[in-house]
Amino acid sequence: MTVPVFEEYEPAIDCGCAGCAVRRRSAARALPVRRGGHPAAHGARRALVLATAAGVVLSCGAAGAAAAAGHIPGVPHADGGADPEPATPQGEKGPLRGTGASGPPSAGSAVPRTTRADIIDRAKKWVSAKVPYSMEKYWSDGYRQDCSGYVSMAWNLGNNEWTGSLAAYGTRIARADLQPGDILLFHNPADPSKGSHVTIFGGWTDHTRTHYVAYEQTRPQTRKQSTPLAYWNNSDHYVAYRYKGVTGGSPGSGSSTAFPGAKKFGPGADNKYVTQLGRMLVQRGGKRFYAVGPGPVWGAADKRATQAFQRAQGWQGKEADGIPGPHTWRLLATGGGRNIPAAGAGGSPNTAVAFPGRGYFKPGQSNSHVDRLGEQLVKKGYGKHYVSGPGPRWTEADRRNVEAFQRAQGWRGGAADGYPGPETWRRLFA
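Quick caveat, the model's predicted, so the values are computed rather than measured.

Turning next to the pattern of salt bridges. A complete count under the given rule lists 11 salt bridges for this structure. Linking Arg330 and Asp177 is a salt bridge whose minimum nitrogen-to-oxygen distance equals 3.3 Å. With Arg330 in helix α7 (residues 326-334) and Asp177 in the loop between β4 (170-173) and β5 (183-186), the pair connects residues that are 153 residues apart, well separated along the chain. The partly exposed category is assigned to Asp177, whose relative accessible area is 27%. What you see here is one network of salt bridges that share partners, running through Glu396, Arg399, Glu403 and Arg407.

This part takes up the pairing of strand β6 (residues 197-204). In terms of burial, β6 is a largely internal element, seven of the eight residues being buried. Summarising the sheet, β6 and strand β7 (residues 211-216) pair through three bridges and their orientation is antiparallel. Within β7, the residue paired with Phe201 across the bridge is Ala214. Hairpin connection of β6 to β7: six residues between the antiparallel strands, including Arg209 at a positive phi of 60°.

So, about the sheet that holds β4. If you trace the six strands from one edge of the open sheet to the other, you get β4-β9-β5-β6-β7-β8, paired in antiparallel fashion. Each edge of the sheet is formed by a strand with only one pairing partner; in this case those strands are β4 and β8 (223-228). Pairwise comparison of adjacent strand axes, ignoring direction, gives a mean angle of 40° for this sheet. Summarising the sheet, β4 and strand β9 (residues 239-243) pair through four bridges and their orientation is antiparallel. Counted as the bridge partner of Ile173 is Ala240 from β9. Across the sheet, helix α4 (residues 147-154) is in contact with β5, β6 and β7; its angle to β6 comes to roughly 50°.

Interhelical geometry of helix α5 (residues 272-286) versus α7 gives an angle of 60° and a closest axis separation of 10 Å. As far as their axial angle goes, α7 and α5 are oblique. The way α5 lies across α7 gives a crossing that is left-handed. Residues Tyr273, Gln276, Leu277, Met280, Leu281 and Arg284 of α5 form the contact with α7, whose participating residues are Trp329, Leu331, Leu332 and Ala333. Split into classes, the residues belonging to the contact of α5 with α7 amount to eight nonpolar, one polar and one charged.

On to α4. Along an α-helix, residues three or four positions apart point the same way, because every turn accommodates 3.6 residues. By the criterion of burial, α4 is predominantly enclosed, with eight of the eight residues buried. Along α4, the residues classified as buried are Cys147, Ser148, Gly149, Tyr150, Val151, Ser152, Met153 and Ala154. For α4, the elements touching its buried residues are α3 (116-129), β5, β6 and β7. Asn156, located one to two residues past α4, shows a positive phi value of around 60°.

This part is about the environment of Ala230. Within the secondary structure layout, Ala230 lies in the loop between β8 and β9. A residue is classified by how much of its surface remains accessible, and Ala230, at 0% relative accessible area, is buried. Sequence separation between Ala230 and Leu184 is 46 residues; the distance between their C-alpha atoms is 6.9 Å. Once residues lying within four places of it in the same chain are set aside, the contact partners of Ala230 are Arg175, Leu184, Tyr212, Ser235 and Tyr238.

Right, let's get into unusual backbone geometry. Along the chain, Arg219 connects to Pro220 via a cis peptide bond; the corresponding omega equals 0°. In this structure, Pro220 sits in the loop between β7 and β8. Residues other than glycine seldom take positive phi values, yet Asn234 does so here, at roughly 55°. With respect to the element layout, Asn234 can be found in the loop between β8 and β9.

When a strand is regular, its side chains alternate between the sheet's two faces. Here six bridges tie β7 to β8, and the two strands are oriented antiparallel to one another. Looking across to β8, one finds that Val213 is bridged to Ser226. Linkage of β7 to β8, two consecutive antiparallel strands, is achieved through a turn of six residues.

Attention shifts here to the packing of aromatic side chains. Within this structure, the stated rule accounts for 18 aromatic pairs. Between Phe259 and Phe265 the ring centres are 6.2 Å apart and the planes differ by 15°, which places this aromatic pair in the stacked class. A relative accessible area of 25% means that Phe259 is categorised as partly exposed. Classification of Phe265 by relative accessible area gives buried; the value is 7%. Summarising the aromatic geometry, the rings of Phe265 and Trp298 are spaced 6.3 Å apart at their centres and angled 65° between planes, so their arrangement reads as edge-to-face. In this pair, Phe265 sits in the loop between β10 (246-247) and α5 while Trp298 sits in the loop between α5 and α6 (300-312), placing the two residues 33 residues apart along the sequence. You'll find Phe265 and Trp298 in the same group, each marked buried.

Cut-off values and rules
Residues numbered from 1 in each chain as written. Predicted model: local features only at pLDDT ≥ 70, side-chain atom pairs only at ≥ 80, totals over all residues. Heavy atoms only, no water. Salt bridge = Lys/Arg side-chain N within 4 Å of Asp/Glu carboxyl O. Helix = DSSP H or I, 4+ residues; strand = E, 2+ residues; numbered from the N terminus. Buried < 20%, exposed > 50% of the residue type's maximum accessible area, 1.4 Å probe, protein only. Pairing = 2+ DSSP bridges. Axes fitted to C-alpha atoms, helices over the stretch in contact; angles between N-to-C directions. Contact = heavy atoms within 4.5 Å. Parallel < 35°, antiparallel > 145°, perpendicular 65-115°, else oblique. Left-handed = near helix turned anticlockwise from the far one by under 90°. Nonpolar A, V, L, I, M, F, W, Y, C, P; charged D, E, K, R; others polar. Phe/Tyr/Trp six-rings, centres within 6.5 Å; stacked < 30°, edge-to-face > 60°.

Structure (structure tokens):
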């Protein structure tokens, strides 16, 4: 749908929007009032003044309704703070606009390739430029100045998408797997203008993973700030997506986050991935294990440092054998999980905050994470469904106990399905 520029609209008498109200007031002021003037002129001005007053009342009513729906920034939140949920109506899917419009076509073709670093760099440009929010205006790069236009720009789609179409350009992922350049998307199909929003994930703020750096286009302008996962409101409805055309690693990492395979590590290994592993371990507190420094030849220092990192996550047995697997590598490459504690710091395995991933908790799985989960459920008073457990094998008893814990948090539906996610894990081990 092509939206004409604002000047082509005539201010309707019964329209409550702010634009029509402003135009009515301007028109009313433009009519002169003279003593002894023609009665028709007085009548015209009086009609416009009355229409303007009516419009103000209508617009206040609309604002009141929006506030009641929770879409006016600054409305007091239940915890006493400010509710920053943005009022973010959006335009529809469409082409780039303006003389500065440029970008690769996306219709019917493969998605353009880009890196995580480039996505974040583009997102930062609007933050630096303080691009004003608008669902009708387009920035100099041709992208619409609303939340979905912002993501379209950052992902370099070459088209202005909306929250109802952005998912087609991404692959759904677990929130625990979020990396810079991914998005958190909430599209409300019943009423797209109510609540629908999208943010760009910029990285976790700390090891607890309860907050992340969000890049978003909202009123009054593009912003970057710490945001609770996934958002202040409608958090359960946000879905994480990864752009299908993304390549390379995280911004500033200088390395790929993809696990190169277990054969690259262990006795006899001599390759660049061993060096990369060692450098990541040093950054996470493993420097004391290396007398000289990480190198390409696998040694005892690499095994001890890897094992220390695995144990810091609360892993035991084969899951802490000192040989990196996909999950160890992912935590190291993305900055997730707990750092290696200082020598002599000790610590209980149940203090690990990092969520190991949903894949460990499903039928047929047997691992120390399931065992630890069950023990913590019992400690918290949610072990009534165990007959002889808990144990390392996932059972229906585990699921029912997790469900009981989730319901005790006030969650319902899909949020209380009995399968632990990052927030369930965090609350259990808090």
